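Spelled out from the first residue to the last, the chains are:
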Amino acid sequence: MRFRHPDGSTVHLAYCTNVHPAETLDGVLAQLRDHCEPVRRRLGRDRLGIGLWLAKDAARALVSDPCSLRALRTELDRRGLEVVTLNGFPYEGFGAEEVKYRVYRPDWADPERLDHTTALARVLAGLLPDDVTEGSISTLPLAWRTALPSTDGSATADGTSTAARAETARTALLALAGRLDALTELTGRSISVGLEPEPGCVVETTADALAPLTAIGHERIGICVDTCHLATSFEDPHTALDALTGAGVPVVKSQLSAALHAEHPHLPEVREALAAFDEPRFLHQTRTSTAAGLRGTDDLGEALKGDTLPDSAPWRAHFHVPLHAAPAAPLTSTLPVLKAALTRLVGGPHPLTRHLEVETYTWQALPPELRPRGRSQLADGIAAELTLARDLLTDLGLKELP
């Protein structure tokens, strides 16, 4: 979906296909037929933006075979779909029965992360619509904190010092910047990559992103602001985005998502409601803001055990809940944080980013009574999320384009 900003620029809205993951190119083509086109039809649109997630094998197949890449582009056109952004965070196995910590491997100290992201950039340059010259990719925020701590030089599990891994990661991002420059020279398409801060990672917050990104100092290496992650870490959207713009860090894209919010986690009925969202597939980092700073656990189940996490103040869990359907009381979502972030991102005289992506990948991880039953209900839910996002954008003065 495209929107005209009051300054005349085009803002793109898509939804991320990691909600129906596939590991192969054939699986991606099936996604377009079985999921993406039905969502477009429900919205009554001739054209719908999708943020593709391409697993390792699918990306390699596309980058090694120009015919396959052209065929995917043709299939997108035939089904009324367009791609200006990719989700490059998960590497593979995002549809596994248990993802948890696996989603953080390989990290940016592993050469495979650089090679995979380079492949994605090459693929995206070939998928961009003819009238679009800029694409975006979101990626892992360096590493999970225990694989690449940001402080001392203690040894990691593989025996490599964390200082050495940190330098390797920085060097890899600098190499990526050079490859993106070369890709622009070759294709005329500018692809940017954004680190996506996430609770528990080396770059957990937008504030954590400032030092590494300003040190790199390259216009094509910036940040992806995920509004669920922003809310989970209790960041104020205006403060966070003002700091990024003040430091000259480009907002490459924003993922529009909402976290799970519990106002009174000490109450038994609230803990019982939260327990329904404690599921085995994804990691649901949980945080609370205290006078001493942010406190948290790696997963929701850990937070619910005894007094592991202080419960005198609200909790937020990294669980992407549907934008249009907040959980029933006594829980709610952080949709107000999303709205505040969106106002700052695109509600000013000029947009801070032109790529927006609805990313609720947890539909099938919701409590059983809230899960969609079959493809049709899932398509209905995704269309409802996009409709809400569209309404928020038009309320900010953007005009929906055909």
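Anything mentioned here points back to the structure above.
Residues numbered from 1 in each chain as written. Predicted model: local features only at pLDDT ≥ 70, side-chain atom pairs only at ≥ 80, totals over all residues. Heavy atoms only, no water.

**Considerations on the packing of aromatic side chains**
One pass over the full model with this rule turns up eight aromatic pairs. Seen from their ring centres, F89 and Y104 are 6.1 Å apart, and the 65° between their planes marks the pair as edge-to-face. Of this pair, F89 sits in the loop between strand 4 (81-87) and helix 4 (111-127) while Y104 is found in the loop between strand 4 and helix 4, placing the two residues 15 residues apart along the sequence. For the pair formed by F89 and Y104, the shared burial category is buried. Ring plane angle 90° and centroid distance 5.2 Å describe the contact between F277 and F319, whose orientation is recorded as edge-to-face. Note that F277 is positioned in the loop between helix 9 (268-275) and strand 10 (286-290) and F319 in strand 12 (residues 315-321), a separation of 42 residues in sequence. Three or more aromatic residues joined by ring pairs form one cluster here, namely W53, F94, F282 and Y361. (Phe/Tyr/Trp six-rings, centres within 6.5 Å; stacked < 30°, edge-to-face > 60°. Helix = DSSP H or I, 4+ residues; strand = E, 2+ residues; numbered from the N terminus. Buried < 20%, exposed > 50% of the residue type's maximum accessible area, 1.4 Å probe, protein only.)

**Examining the pattern of salt bridges**
For the coordinates displayed, the defined rule picks out 30 salt bridges. The closest approach of N and O atoms between R47 and E82, which form a salt bridge, is 3.9 Å. Note that R47 is positioned in the loop between helix 1 (25-43) and strand 3 (48-53) and E82 in strand 4, a separation of 35 residues in sequence. A salt bridge links D311 to R271; the nearest nitrogen and oxygen atoms lie 3.0 Å apart. In this pair, D311 sits in the loop between helix 10 (300-303) and strand 12 while R271 sits in helix 9, placing the two residues 40 residues apart along the sequence. What makes D311 partly exposed here is its relative accessible area of 25%. By relative accessible area, R271 is classed as buried at 17%. (Salt bridge = Lys/Arg side-chain N within 4 Å of Asp/Glu carboxyl O.)

**Details of the sheet that holds strand 10**
Read across the sheet, five strands follow the order 11-10-12-9-13 without closing on themselves; strand pairing throughout is antiparallel. The strands lining the two open edges of the sheet, one partner per strand, are strand 11 (293-297) and strand 13 (331-333). Adjacent strand axes in the sheet meet at a mean angle of 30° when their direction is disregarded. Pairing between strand 10 and strand 11: five bridges, direction antiparallel. Residue T290 lies in a different strand from strand 11, and its bridge partner there is G293. (Pairing = 2+ DSSP bridges. Axes fitted to C-alpha atoms, helices over the stretch in contact; angles between N-to-C directions.)

**Concerning helix 3 (residues 66-78)**
An α-helix turns once per 3.6 residues; consequently, residues spaced three or four apart project the same way. End to end, helix 3 covers 18 Å across 13 residues, agreeing with the expected 18 Å (1.5 Å per residue, within 8%). Restricting attention to buried positions, one finds in helix 3 the residues S68, L69, L72, R73, E75 and L76. For helix 3, the arc enclosing every buried residue in end-on projection is 160°, short of the 170-degree limit, so these residues lie on one face. Across from the buried face of helix 3, at angles greater than 90 degrees, the exposed residues are R70 and R78. As for helix 3, its buried residues are in contact with helix 1, strand 3, helix 2 (56-64), strand 4 and helix 4. Put simply, D65 is the residue that caps the front of helix 3, since its side-chain oxygen is 3.1 Å from the backbone nitrogen of C67. One or two residues past the end of helix 3 sits G80, with phi positive at roughly 70°. (Expected span 1.5 Å × (residues − 1). Arc of directions from axis to C-beta. Contact = heavy atoms within 4.5 Å. Polar contact = N/O pair within 3.5 Å; in protein donor to acceptor, adjacent residues only side chain to side chain.)

**A word on the packing of helix 2 against helix 3**
Interhelical geometry of helix 2 versus helix 3 gives an angle of 110° and a closest axis separation of 5 Å. As the angle between them shows, helix 2 and helix 3 are arranged roughly perpendicular. Facing A61, L62 and S64 of helix 2, the residues of helix 3 in contact are P66, S68, L69 and L72. (Parallel < 35°, antiparallel > 145°, perpendicular 65-115°, else oblique.)

**Side note on helix 11 (residues 335-346)**
For helix 11, spanning twelve residues, the distance from its first C-alpha to its last is 16 Å, which sits close to the expected 16 Å at 1.5 Å a residue. Turning to helix 11, its buried residues number three or more, namely L335, V337, L338, A341, L342, L345 and V346. End-on view of helix 11: buried residues confined to an arc of 150°, all on one side of the axis.

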